[in-house]
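Read off the chains here:
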Amino acid sequence: MKLSALQPIRRANSFRSPSSAPLDGGAAPSDGPLFRSPTAIFWLLLHAICCLVSLALGFRFSRLLFLLLFSPSSSPSPPSPPVLLLHRRPDLPLSPHPPTPFATPNATGSRVVVGRHGILVRPWPHPNPTEVMRAQRILDCVQREQRLQYGVKNPRPLLVVTPTYPRTFQALHLTGLLHSLQLIPYPLTWLVVDAAGVGAASNETAALLARSRVPVLHIRFSGRMPLRWSDRHRTEARMRLQALRVIKERRLEGVVVFADDSNVHSMELFDEIQKVKWMGAVSVGIVAHSGNPGMVAPQQLSKEEEENSPVPVQGPACNSSGQLAGWHTFNSLPYVNKSATFIGDGAMVLPQKLEWAGFVLNSKLLWEEEEGKPDWVRNLDEVGVNGEEIESPLDLLKDASFVEPLGNCGKKVLLWWLRVEARYDSKFPAGWVIDPPLEIIVPAKRTPWPHAPPELPSGKVATSQDPLEKRSSKTGRSSRSRRSSRNKRKREPQIDTHI
Amino acid sequence: MEAKMWILALFLLLSLLFDGIGVRAAELNRKTERISGSAGDVLEDDPVGRLKVFVYELPSKYNKKILQKDPRCLTHMFAAEIFMHRFLLSSPVRTLNPEEADWFYTPVYTTCDLTPNGLPLPFKSPRMMRSAIQLISTNWPYWNRTEGADHFFVVPHDFGACFHYQEEKAIERGILHLLKRATLVQTFGQRNHVCLKDGSITIPPYAPPQKMQAHLIPPDTPRSIFVYFRGLFYDVGNDPEGGYYARGARASVWENFKNNPLFDISTEHPTTYYEDMQRAVFCLCPLGWAPWSPRLVEAVVFGCIPVVIADDIVLPFADAIPWEEIGVFVAEKDVPKLDAILTSIPTEVILRKQRLLANPSMKQAMLFPQPAQPGDAFHQILNGLARKLPHDEKAFLKPGEQILNWTAGPVGDLKPW
């Protein structure tokens, strides 16, 4: 097969010398009866032997032999014997640098040889870590230069406002947000409003924030985070207002971003908000199905839910001339019966009509006695007092029509709103580290967690503190813990673990 | 009085000095840099007024009818010959008086005989060219005057005027004998190769400018891909064992770097091909069956530094564009060390190359826009022709002298077309 594949390509090479013709396979000898002269028989036999050897070796042995025997010493060495060096030898240059074998009338001799070349593979064709780091540095340099030339000139510092409170998933969310903020190329200050209360819990947030490489302002909030989602939304609004008051008192300068700890932000968001003049709005994608996917099977979704856009988006709506014409808000009607009511409920968490995360403002809007401050914004001291509830930053304004739509007039979704919380009674060790390690680990036969909802509004679910039942923190769904308990059953002795 | 004059002179001198420094400093901070090749700063030269071109009127069987038979010729990478004809017809360098012309152009579309797949077959091209030359030599006296030394032809096929797609056959045929004295405008360029004669003008292959413009992304999108390439590594149909196609260089790239996270290389052709090139720092431009490829044009237009892997290649407009400063050249034997070579380039050099590529005159010189714009590839060809003027006295034959042998070449070429 190989010979026949080689032949049509190679036939041109027979041009080089007339006496090579009898050795080329397939070139019929043009002379008369061969079987008479002994020399012809000899050549034929030699040809047959060469063919057999070629078949065995896998390349055109006859050519090689001919070249070695008949080529004069002064002529250049032939092009490489047609052997694929795939995966065998290290960089042996199989294409040597002789001049081209074709007699060109006026060429002085090219380094490039026509014909089959070996495929050069180095002995360890895998990435070298030093080189990967160097390439990374090159990429960083190139991107920095790009930002210098095409990015935002004179970037303003950012003031990131995050309400948080100690809970199972706080470490997860805050670390994620922390890493996002560390990637931002602009100077920023992170204002973390912490509804921790007193006790050991109040240091957990501080412990997480200690790892931060961005400057953090840890603001303690005097209330506790309530259990109902509706109350929680209101408390969060109050926490944010407190952060805004701090900004006003200290006259911090920059663009205020409301980054909730469980939201997902794209880096383009922070480039886009540099364009805001006074107050801007971006489109927020809502990932509302944060409930157990196993509980809401796809075929149970009603027709109208499927007809809705696959991901609801909140944000500014523009008219054809690019000016703010209205708002896209979240339509909560399809989900009314299935939404979560308290934190840690297994159902979907719904956002409010307009989430705080979709708005950014220039901190100078909050300062008092600031020249050039527009008159359509209320004084911050008057907001939130006397039991007034703030639902969205639009309540800070007297006139909402001056908000600037960002992100290509709201067509680009720059951040994703998400609320994921562990089950209300989940327990987790401080700092997510069990120290000292557990001595007894007992497999659970079935989920021990009761399905009865907790007492609302105040608090704690009573769970038994049986010392035999210490288990590492997992917010498992009932099916999952059952599965793991089945696996562990094979290894550990059976101990009944009822509650 | 004299002292005052000296002071004034000194002041003027100093102000000029500071001005010069200021201008240079301003240039350093700019996004682009001026391009000066070995012929000088010639990318922005205007050829109008420097030469005159006479376009022969050939019967439409040489051009229009061929194009009518297959309109795909307008979009494939050999379309330069058709667009050059159209450009010259309406260009100010065209003259209707052949006596005052410096250059003569023969509009014959030799690369328009396409297979169903769209690849041009060169088997009839030599006969077509020969027939066209016979026509112009009998109907006009200008061919016989110089035997073609002041004529130019656009031959954008794989190996130029050798008229074959296989390199060995092309070398065997050599350049068509009748074109021995003419100037060839071709895409193929390799040093010390039969199919590149001295004095040829190398041009970029045709790439559709509107299609590329339609896929531009904002320039502040960070370049996060280190090396990018999309194309074949093994041509299984024509070279099943490998080693022939691309002289084994593409296969070597695949075998060495398929597991390397810095190299985004594959044979899949995505819809975001142009967008991805704009997000890459280096774009590989290895040779294929012929050393040139439209990837060079795409890399230049999208600001991606071309990494040329083709020994002895002659790049387009090599005297006007300093390719050594713009691209990276890697010898075929050094392909296994490609990652080491690319990561060891100092960052200032890389930034400078990107600034040179960002120069709009660089991008313009690689394109064939319709209608023609100043500084584009058409104008660079005319500039190249203008730089070859005036013709030296050997171009014009004495009466009765004949150099070309009209019966030279393979027998099959002599058949009429």
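Computed from a prediction, not measured in an experiment: that's the story for all the values here.

Reading the values: the criteria
Position labels on residues start from 1 in each chain and follow its written sequence. Lettering for chains starts from A, numbering for ligands starts from 1, and both go in the order in which the items are written. At least 70 in pLDDT is required for a residue's local features to be given in this predicted model, at least 80 for side-chain atom pairs to be given and counted, and no such filter applies to totals for whole chains, interfaces and linings, which use all residues. Calculated side-chain values reflect all of the structure's heavy atoms, with hydrogen atoms and water omitted. On a range of 0 to 100, pLDDT expresses the predictor's confidence in each residue. Should any heavy atoms of two residues lie within 4.5 Å, those residues are counted as being in contact. UniProt positions are given in the numbering used here, feature names are shortened, and annotations may be inferred rather than shown by experiment. Helix numbering and strand numbering both begin at the N terminus, where a helix is a DSSP run of H or I of at least 4 residues and a strand a DSSP run of E of at least 2. For this analysis, a salt bridge means a side-chain nitrogen from Lys or Arg found within 4 Å of a carboxyl oxygen belonging to Asp or Glu. Only protein chains enter the calculation, and the probe is 1.4 Å; a residue is then buried if its accessible area is under 20% of its type maximum, exposed if over 50%, and partly exposed in between. Disulfides are defined as pairs of cysteine sulfur atoms found within 2.5 Å of each other.

A. Structural detail: the confidence of the model for chain A. All names here are of chain A. Mean pLDDT over chain A: 72, with 66% of residues reaching 70 or higher. In this model residues 1–34 is a low-confidence stretch, pLDDT under 50, and it forms 41 contacts with partners more than four residues away in sequence or in other chains. Note on residues 290–302: pLDDT is under 50 here. Beyond four places in sequence and across chains, it has 16 contacts.

B. Focus on the UniProt feature "domain: Exostosin GT47" (unreviewed entry) in chain B. Taking the UniProt record as the reference, the feature "domain: Exostosin GT47" (unreviewed entry) is found at residues 50–345 of chain B. Secondary structure across residues 50–345 of chain B comprises 27% helix and 14% strand; the distance between its end C-alpha atoms is 41 Å.

C. Structural context of the pattern of salt bridges. Residues and elements named next belong to chain A. Inspection of every chain in the model, using the stated rule, returns 33 salt bridges over all chains. Here R419 ties to D260 by a salt bridge, and the two come within 2.9 Å at their closest N and O atoms. Placement of R419 in the loop between β12 (413–417) and α11 (478–489) and of D260 in the loop between β4 (255–258) and β5 (264–265) is noted, with a sequence separation of 159 residues between them. Taking relative accessible area as the criterion, R419 reaches 2% and is therefore assigned buried. Here E272 and K275 are joined by a salt bridge, their closest N and O atoms 3.3 Å apart. For E272, a relative accessible area of 15% corresponds to the buried category. Salt bridges sharing partners connect three or more residues here, namely R167, R232, E236, R240, D260, D261, R419 and E421.

D. View of the confidence of the model for chain B. Residues and elements named next belong to chain B. Taken as a whole, chain B shows an average pLDDT of 88; of its residues, 95% reach a score of 70 or greater. Every residue in residues 22–28 is under pLDDT 50, and counting partners more than four places away or in other chains gives two contacts. The ipTM assigned to the predicted complex is 0.84, against a pTM of 0.70.

E. Inspection of the state of the cysteines at higher detail. Residues and elements named next belong to chain B. Tallied over the full model, the rule gives four disulfides over all chains. Here C283 pairs with C304 through a disulfide, and the sulfurs are 2.0 Å apart. In this structure the cystine formed by C283 and C304 twists about its S-S bond by roughly 110°; its chirality is therefore right-handed. Here C283, found in strand β8 (residues 280–286), pairs with C304, found in the loop between α10 (295–301) and β9 (305–309); they are 21 residues apart in sequence, far enough to count as distant. For the pair C283 and C304, a shared accessibility class is recorded, and that class is buried. Take the cysteines of chain B that form disulfides and number them in order along the sequence; they join up as 1-2, 3-4, 5-6.

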